[in-house]
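# Results of the structural survey
The residues making up each chain are set out below.
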Amino acid sequence: MLLSLVVHTYSLRYWFPATIMLGTAPAYLLSWGTWRLLSTVLPARVYHKLDDQLYCIYQSMVLFFFENYTGVEIIIYGDIPKKKENVIYLSNHQCTADWIIADMLAIRQNALGHVRYVLKDGLKWLPLYGWYFSQHGGIYVKRSTKFNEKAMKKKLLRQTESGAPMYLVVFPEGTRYNPELKNVIADSQAFAAKEGLAVLRHTLTPRMKASHIAIETMRGHLDAVYDITVAYEGTLNTNTHRKPAPSMPEFLCKECPRVHIHFERVDIKEIPPEPLFFRRWLHERFEIKDRLLTDFYESQDADKICKFPGEGRHSPLNFSKTFPSVMILGGLTLPLLLTESGRKLYVRTWVYGTLLGWLWVNPKAERI
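Note that this is a predicted model, so its numbers are computed, not measured.

### A few points about empty space enclosed by the protein
All told, the structure shown has two cavities of 30 Å³ or more when counted by the stated rule. The space that makes up the largest cavity amounts to roughly 110 Å³. Forming the boundary of the largest cavity are Ala-25, Tyr-28, Leu-29, Tyr-55, Tyr-58, Gln-59, Leu-128, Tyr-129, Tyr-132 and Phe-133. Counting residues per element, the ones that place at least two in the lining of the largest cavity are helix H2 (25-38), helix H3 (44-69) and helix H5 (129-135). Class assignment of the residues belonging to the lining of the largest cavity gives a composition of nine nonpolar, one polar and no charged. Estimated volume of the second largest cavity: approximately 30 Å³. Forming the walls of the second largest cavity are Asp-227, Thr-229, His-262, Glu-264, Arg-285, Ile-288, Lys-289 and Leu-292. Secondary-structure elements contributing two or more residues to the lining of the second largest cavity are strand E6 (224-232), strand E7 (258-267) and helix H10 (275-298).

The structure is reproduced here in structure tokens:
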């Protein structure tokens, strides 16, 4: 009986925020859809401006739960620019929570609404979210030897020409690094050795195509690349071996006490445009990440393990930046649930919004 109570209480840590985040999605989509229809006769830059503000509201609610609710400490190494910039965010990739880390940095620059993602193709089938991410500027890609450069360029150019601010999140590894998937790591290391590249131990060998196309297509629009290295505290077992990073549910269950984020800004002018030199540059950036993660997980100094080199500072997120969005979205959702007609509209939004999204999203995703 007591054990059952403990298990149910633990699961509520996840189900409570998940219910609110998913439950407010139809009201958000209705609000966005109304604006999308009204903006069809307006310039694209006007649509993007309000769309970014709406996106900021929803993602601020998400961050309320992932940061304020969980109480996770964010430790940042390096100086985040105070002003907003047009950037590409390049990071190592370990788990589903990595997407939230990009939001955590963006909100500290007041750039949360500008976050857009390069996503794997399968995510386009997510109910409601898959379609909306595409509408917000997300780009779906497939891992393949064939690369539809033209389609990716077209979407990026359409956004930059409309003046849309850009905070494009790319994970060059193409898939998550999981220390338990030894065959994936071995294949990645074998490929690096075959290509004459340094073999990496704590990241996978980065793929260059999506990153290179994004940077070269938007070079005149971009200010910098943010080179981000993320490590989750609590991912060492008793034998000091690295464990998988927390999933979103585990993160919401407060299983990660601290997230360490190493930040480095690289001016766009410093990045070589030629594919061969860009590939070397990208791999060198991942060699730096690998050294940082080696220090984090394998340092022999008890005072330095589970820390990046250098001085890290705790960066709390002000409650006032996130909680108002919970009230706004809650205020939009409750009226739908309090009347029979509202509940019908709510359900229809989930059903028809999902079906419309599946029909709308281009099935011929860009291939990387």
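### Structural notes on the nonpolar core
If you look at the biggest cluster of nonpolar residues, it comprises 61 residues, and the most contacted ones within it are Tyr-167, Tyr-232 and Val-259. At 10 residues, the largest contribution of residues to this core is made by H3. Sequence-distant contacts of Val-259, defined by excluding residues within four places in its chain, comprise Val-72, Glu-73, Ile-74, Ile-75, Ile-101, Val-230, Ala-231, Tyr-232 and Phe-251. One finds Val-118, Ile-139, Val-141 and Val-225 within the second-largest nonpolar core, a separate group that totals 26 residues.

### Some remarks on a nonpolar patch on the surface
Together, Val-41, Leu-42 and Val-46 make up a nonpolar patch on the protein surface, roughly 260 Å² of accessible area in all. Its location among the elements puts Val-46 in helix H3. Taking the relative accessible area as the measure of exposure, Val-46 reaches 35% and is therefore partly exposed.

### Some remarks on the packing of aromatic side chains
For any pair of aromatic rings, geometry is given as the distance between the ring centres together with the angle between the planes. Tallying each qualifying case throughout the model produces 26 aromatic pairs. Judged by centre distance (5.0 Å) and plane angle (75°), the rings of Phe-296 and Tyr-297 are edge-to-face. Summarising the burial analysis for this pair, Phe-296 and Tyr-297 share the class buried. Here the aromatic cluster, defined as three or more aromatic residues joined through ring pairs, consists of Tyr-28, Trp-32, Tyr-55, Tyr-58, Trp-99, Tyr-117, Tyr-129, Trp-131, Tyr-132, Phe-133 and Phe-171. Over the face of the ring belonging to Tyr-47 we find Arg-36, whose NZ or CZ atom lies 4.2 Å from the ring centre.

### Some words on H3
The end-to-end C-alpha distance of H3 is 36 Å, a good match for the 38 Å that 26 residues give at a rise of 1.5 Å each. The largest bend in H3 amounts to roughly 30° and is located at Leu-63. Looking one or two places after H3, you find Gly-71, whose phi comes out positive at around 75°.

### A closer look at the environment of Arg-158
Mapping Arg-158 onto the fold places it in helix H6 (residues 149-161). Placed 114 residues apart in sequence, Arg-158 and Ala-44 show a C-alpha to C-alpha distance of 9.4 Å.

### What to know about the packing of H2 against H3
Any two packed helices are characterised by the angle at which their axes cross and by the distance between the axes. Where H2 meets H3, the closest approach of the two axes is 10 Å, and the angle between their N-to-C directions is 170°. Put simply, H2 runs roughly antiparallel to H3. Taking contact as the criterion, the partners of Ala-25, Tyr-28, Trp-32, Trp-35 and Arg-36 in H2 are, on H3, Val-46, Tyr-47, Leu-50, Asp-51, Leu-54, Tyr-55 and Tyr-58.

### So, the pattern of salt bridges
Tallying each qualifying case throughout the model produces 14 salt bridges. Here Asp-121 makes a salt bridge to Lys-124, at a shortest N to O gap of 3.3 Å. According to the relative accessible area criterion, Lys-124 is buried, its value standing at 2%. The residue Arg-258 makes a salt bridge to Glu-233 at a minimum N-O spacing of 2.7 Å. Placement of Arg-258 in strand E7 and of Glu-233 in the loop between E6 and helix H9 (248-252) is noted, with a sequence separation of 25 residues between them.

### Some details on the packing of H2 against helix H11 (residues 323-338)
Two elements in contact, H2 and H11, have axes separated by 8 Å at closest approach and are oriented at 100°. On the basis of the axis angle, H2 is roughly perpendicular to H11. Every residue of H11 that contacts H2 at Ala-27, Tyr-28, Leu-30 and Ser-31 is listed here: Leu-329, Leu-332, Thr-333 and Leu-336. Here the contact of H2 with H11 is built from residues that sort into six nonpolar, two polar and no charged.

### Brief notes about unusual backbone geometry
Positive phi, close to 55°, is recorded for Asn-110, a residue that is not glycine. One non-glycine residue, Lys-254, lies in positive phi territory at about 65°. Along the chain, Lys-254 falls in the loop between H9 and E7.

### A word on helix H8 (residues 209-217)
For H8, the buried fraction is high: seven of the nine residues fall into the buried class. Within H8, the full set of buried residues consists of Ala-210, Ser-211, His-212, Ile-213, Ala-214, Ile-215 and Thr-217.

### A short note on the pairing of strand E3 (residues 115-120)
Burial within E3 is extensive, with five of its six residues counted as buried. Pairing analysis gives three bridges linking E3 to strand E5 (residues 167-170), with the strands arranged parallel. When the bridges of E5 are listed, Arg-116 appears paired with Leu-168. Alignment of E3 against strand E4 (residues 139-142), held across three bridges, turns out to be parallel. Looking across to E4, one finds that Val-118 is bridged to Ile-139. In this fold, the crossover linking E3 to E4 by way of H5 has right-handed handedness.

What counts and what doesn't
Residues numbered from 1 in each chain as written. Predicted model: local features only at pLDDT ≥ 70, side-chain atom pairs only at ≥ 80, totals over all residues. Heavy atoms only, no water. 1 Å grid on protein atoms, 1.4 Å probe; cavity = no way out; pocket = protein on both sides within 12 Å on 5 of 7 lines; lining within 4 Å. Points joined across faces, edges and corners; volume = space filled by probe spheres on them. Helix = DSSP H or I, 4+ residues; strand = E, 2+ residues; numbered from the N terminus. Nonpolar A, V, L, I, M, F, W, Y, C, P; charged D, E, K, R; others polar. Core = buried A, V, L, I, M, F, W, Y, C linked by side-chain atoms within 4.5 Å. Buried < 20%, exposed > 50% of the residue type's maximum accessible area, 1.4 Å probe, protein only. Contact = heavy atoms within 4.5 Å. Patch = residues over 30% accessible without salt bridge, like charges linked within 9 Å, V, L, I, M, F, W, Y side chains within 5 Å. Areas by Shrake-Rupley, 256 points an atom, 1.4 Å probe, with all protein chains shown as cover. Salt bridge = Lys/Arg side-chain N within 4 Å of Asp/Glu carboxyl O. Phe/Tyr/Trp six-rings, centres within 6.5 Å; stacked < 30°, edge-to-face > 60°. Lys NZ or Arg CZ within 6 Å of the ring centre and 35° of its normal. Expected span 1.5 Å × (residues − 1). Bend = angle between axes of the 7 residues up to and from the residue. Axes fitted to C-alpha atoms, helices over the stretch in contact; angles between N-to-C directions. Parallel < 35°, antiparallel > 145°, perpendicular 65-115°, else oblique. Pairing = 2+ DSSP bridges. Right-handed = clockwise from strand over helix to strand, strands pointing away.

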